[in-house]
Amino acid sequence: MNARVSTQQYRRLALLVAVLLPAAGAAQTTIALDPNRYSLQQDVQLGQEAAAEARRQLPMLDDERVDDYVEAVGENLVAAVPAAYRHAGFRYSFDVVNQKEINAFALPGGPMFLNRGMIEAARTEAQMASVMAHEIAHVALRHGTAQATKGQKFQIGALAGQILGAIVGGAAGSVIAQGSQFGLGAYFLKYGREYERQADLLGAQIMARAGYDPREMANMFRIIEREGGRSGPEWLSSHPNPSNRYDAITREAAVLRVNGNADTGRFASMRARLRGMPPAYTAEQVARGQARRRTVGTAGRPSTRVEPPASQFRVHTPARFLRVAVPANWEARDAGDAVTYAPDGAFVEADGETGFTHGVQIGVAAGASGDLRRDTEQLLRALARANPDLRAAGAPRRDTVGGRAGLATLLTNVSTVTGEREYVSLSTTQLGDGNLLYIVGVAPAREARAYDSTFRRVSASLQIADR
Ligand SMILES: [Zn+2]
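Predicted model only: the values in this text are computed from it and were never measured.

**Student:** Can you walk me through the pairing of strand β10 (residues 359-365) in this structure?
**Tutor:** Side-chain positions along a regular strand alternate between the two faces of the sheet. The buried fraction of β10 is high, at six of seven residues. Judged from the four bridges that link them, strand β7 (residues 338-343) and β10 form a sheet pairing that is antiparallel. Of the residues in β10, the one forming a bridge with T340 is Q361. In terms of strand pairing, β10 meets strand β15 (residues 436-444) through seven bridges, oriented antiparallel. Bridge pairing in β15 links A365 to L436.

The following block contains the structure:
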């Protein structure tokens, strides 16, 4: 017989007990909400926008069994948030990121991201739940927007950008590479010691109400500190230790009554499942674009393997006024206003879209303003519409294209066809008729170095005779 009670039943049980108990433990700490100039709806909106970006940029584990499990634990905790800290419209969600570092973060209004490394570091379900309860407490106490309220400017647009930047660390993720995802002074993801103290205490209360021993939170923080590893515990850089953290949690725990036992009994098997998977990505790999989206547990298309660019080049005439040399093993495909040169296997089609994974495209775009910089920006916007994950990896810099003044822009993208992270280099210059000539080089990010020199050589070979 299976005597285990389902999470659903536990939640009801926990709620019932919570209602029936007189505000148990007279000495339980009451936490006052800080002033907040944001509406609840703004919390939700900011969090949802940032979460969508996080899901695009971070390697999500996408393992149904693990996700279901973490969600069940999370929902049980959310159901145990005391009434004073429940907010209309907040929608808690729980995603597991296939990343090695011991880290987790939650966004205003409820979206939470838990690194696989955090789950693997925990020894018990209660320890994993303690990090989640702490994060839920930050959300319920509205620490992100409360912190922003203290800032000088009340500007929701700027804030949204700040969260996104903090999560992905800019277009190329260079901040992630340095191991501090939240280093950009983000209001929402890095808290002061007072907010940490509050999240510890409310988190402990949530744990107890949900049916977990809150002392496991202190134990988990010790593990985090010990196993932070060479790069230091990431989680602690965004959740700095308040003074006497362990003592404060233990003292709070002593006056809390644990409502039953919420342990699902599934933690050990879930951790074993995670440990049996291919290694998780490191923050550095994520930043370098080596972490493809949809890695484990989904039927992603295999990455494209093509022949490397031949060292011998062959001259082509993509238009009457243009000459360009490309690797001899690349073939041409003419699409009217653009010609693409790519090796065999690099032309891909999916869902009615045609693209290329490796190679160069040369084309002419309408120049509207007569100004190279502005027309280039317009072209970038058009490209971004067709490639929603396209991001500039730096400001455009001056370049020489076909012997005339041009601009070179480096970009990153996630291919809509293969799901792979791409390196994109764009060069533009003006034609005599005011239109824009562009050369765009594309390669998977992991092969960027090898292809960059080829792109330079192609660009340098360009001859324009339109005047
Ligand atoms: Zn915290």
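So that's the structure; there's more coming.
**Student:** Any chance you could explain the packing of aromatic side chains here in plain terms?
**Tutor:** When we look at a pair of aromatic rings, we describe it by the centre distance and by the angle of the planes. All told, the structure shown has three aromatic pairs when counted by the stated rule. Their ring planes at 45° and their centres at 6.0 Å tell us that Y451 and F455 sit as a pair that is tilted. On the criterion of helical spacing, the pair formed by Y451 and F455 is a turn pair, its members being four residues apart in helix α16 (residues 448-461). Y451 gets classed as buried once you look at its relative accessible area, which sits at 2%. By relative accessible area, F455 is classed as buried at 6%. Three or more aromatic residues link up through ring pairs in this structure, and these residues are Y423, Y451 and F455. Geometry around F221 places R245 over its ring, the cationic atom sitting 4.2 Å from the centre. Residue placement shows R457 over the ring face of F313; its charged tip is 3.7 Å from the ring centre.

**Student:** Would you explain the sheet that holds strand β16 (residues 463-464) in this entry?
**Tutor:** Note: strands within a sheet are paired through backbone hydrogen bonds, in either parallel or antiparallel orientation. What the three strands build is an open sheet, ordered β4-β5-β16; its pairing is antiparallel. The open sheet has two free edges, formed respectively by β4 (313-319) and β16, since each of these has just one partner strand. Two elements, β4 and strand β5 (residues 322-327), share five bridges in a ladder whose sense is antiparallel. Across the sheet, residue H316 finds its bridge partner in β5, namely V324. Contacts between α16 and the sheet are confined to β4, β5 and β16, with β5 contributing the most and set at about 155° to the helix.

**Student:** Quick question: what am I supposed to make of the sheet that holds strand β1 (residues 93-97) here?
**Tutor:** If you walk across this open sheet you meet the three strands as β1-β3-β2, and the pairing is mixed. Each edge of the sheet is formed by a strand with only one pairing partner; in this case those strands are β1 and β2 (104-106). The mean angle between the axes of side-by-side strands here comes to 15°, regardless of whether they run parallel or antiparallel. Taken together, the five bridges between β1 and strand β3 (residues 111-115) define a ladder with parallel strand orientation. Among the inter-strand pairings, D95 is bridged to a residue of β3, identified as F113. Against the sheet, helix α3 (residues 64-78) makes contact with β1 and β3, and its axis sits at roughly 140° relative to β1, the strand it touches most. Set on the sheet, helix α5 (residues 125-140) makes contact with β1, β2 and β3; between it and β3 the angle comes to about 150°.

**Student:** It is not clear to me how helix α13 (residues 267-275) should be interpreted in this structure. Could you clarify?
**Tutor:** Since the α-helix packs 3.6 residues into each turn, any two residues three or four apart lie on the same face. For α13, every residue scored as buried is listed here: F267, M270, R271 and L274. Down the axis of α13, the smallest arc covering the buried residues is 100°, so these residues share one side. For α13, the exposed residues set more than 90 degrees away from the buried face come down to A268 and A272. In this fold, the buried residues of α13 make contact with α3, α4 (116-121) and α5.

**Student:** Got a minute to help me understand the nonpolar core in this structure?
**Tutor:** A general tendency of soluble globular proteins is for nonpolar side chains to be buried together. V70, L77 and M128 are the most contacted members of the largest nonpolar core, which has 58 residues in total. Examining the composition of this core, we find that 10 residues originate from one element, α5, more than from any other. Setting aside its immediate chain neighbours within four residues, M128 contacts Y69, V70, V73, L114, I119, A122 and F267. Membership of the second largest hydrophobic core comes to 39 residues, among which are L411, V424, L436 and I439.

**Student:** How do you make sense of unusual backbone geometry when you look at a structure like this?
**Tutor:** Negative phi values dominate among residues other than glycine, just as trans dominates among peptide bonds. Of note in the backbone geometry, D62 takes a positive phi value of approximately 55° without being a glycine. If you trace the backbone, D62 turns up in the loop between α2 (40-57) and α3. Even without being a glycine, R142 presents a positive backbone phi close to 55°. Among the structural elements, R142 can be located in the loop between α5 and α6 (143-150).

**Student:** Is there a simple way to explain the packing of α5 against helix α10 (residues 215-227) in this structure?
**Tutor:** When two helices pack together, their arrangement is given by the angle between the helix axes and by the axis-to-axis distance. At their nearest, the axes of α5 and α10 sit 8 Å apart, and the two run at 90° to each other. By the angle between their directions, the pair α5 and α10 is classed as roughly perpendicular. Across from A126, Q127, S130, V131 and H134 in α5, the residues of α10 making contact are E216, M217, N219, M220, F221, I223 and I224. Class assignment for the residues of the contact of α5 with α10 results in seven nonpolar, four polar and one charged.

**Student:** Got a minute to help me understand helix α9 (residues 193-210) in this structure?
**Tutor:** With 18 residues, α9 extends 25 Å between its outermost C-alpha atoms, agreeing within 8% with the 26 Å of an ideal straight helix rising 1.5 Å per residue. Counting buried residues in α9 gives 14 out of 18 residues, a clear majority hidden from the surface. G211 sits one or two residues past α9 and shows a positive phi near 110°.

**Student:** How should the pattern of salt bridges be read in this particular structure?
**Tutor:** Pairs can form between side chains of opposite charge whenever their charged atoms are close. Using the criterion set out here, one finds 13 salt bridges in the structure. The residue D466 makes a salt bridge to R404 at a minimum N-O spacing of 2.9 Å. Here the residue D466 occupies a position in the segment after β16, and R404 occupies one in strand β13 (residues 404-414), the gap between them amounting to 62 residues. Linked by salt bridges that have partners in common, R116, E120 and R275 make up one network.

Thresholds applied
- Numbering of residues begins from 1 in every chain and follows the order in which that chain's sequence is written.
- Residues qualify for local features only when their pLDDT is at least 70, as the model is predicted, and side-chain atom pairs are given and counted only at 80 or more; totals for whole chains, interfaces and linings, by contrast, use all residues.
- Only hydrogens and water are set aside when side-chain values are computed; all heavy atoms of the structure are taken into account.
- Think of it in three bands: residues with accessible area under 20% of the maximum for their type are buried, residues over 50% are exposed, and the middle band is partly exposed, with areas taken using a 1.4 Å probe on protein chains only.
- We count a stretch as a helix when DSSP gives it H or I for four or more residues in a row; a strand needs E for two or more, and each element gets its number in order from the N terminus.
- Strands were regarded as paired on the criterion that DSSP finds at least two bridges between them.
- Here a Phe, Tyr or Trp ring, Trp counted by its six-membered ring, pairs with any other such ring whose centre lies within 6.5 Å, and the pair is stacked when the planes are under 30 degrees apart, edge-to-face when over 60, and tilted otherwise.
- Any Lys NZ or Arg CZ found within 6 Å of a ring centre and within 35 degrees of that ring's normal is scored as a charge over the ring.
- For this analysis, residues touch if any pair of their heavy atoms sits within 4.5 Å.
- Angles run from 0 to 180 degrees between N-to-C directions of axes, and those axes are lines fitted to C-alpha atoms, restricted for helices to the stretch in contact.
- What the arc covers is the set of directions going from the helix axis to the C-beta atoms.
- Within this scheme, the nonpolar core is defined by two criteria: the residues are buried Ala, Val, Leu, Ile, Met, Phe, Trp, Tyr or Cys, and they are joined through side-chain atoms within 4.5 Å.
- Roughly parallel refers to an angle under 35 degrees, roughly antiparallel to one over 145, roughly perpendicular to one between 65 and 115, and oblique to any angle outside these ranges.
- Throughout, the ten residues Ala, Val, Leu, Ile, Met, Phe, Trp, Tyr, Cys and Pro are labelled nonpolar, Asp, Glu, Lys and Arg are labelled charged, and all others, Gly among them, are labelled polar.
- Expected span of a helix: the number of residues minus one, times 1.5 Å.
- The working definition used for a salt bridge is a side-chain nitrogen of Lys or Arg within 4 Å of a carboxyl oxygen of Asp or Glu.

Any functional reading would require information beyond the geometric quantities listed.
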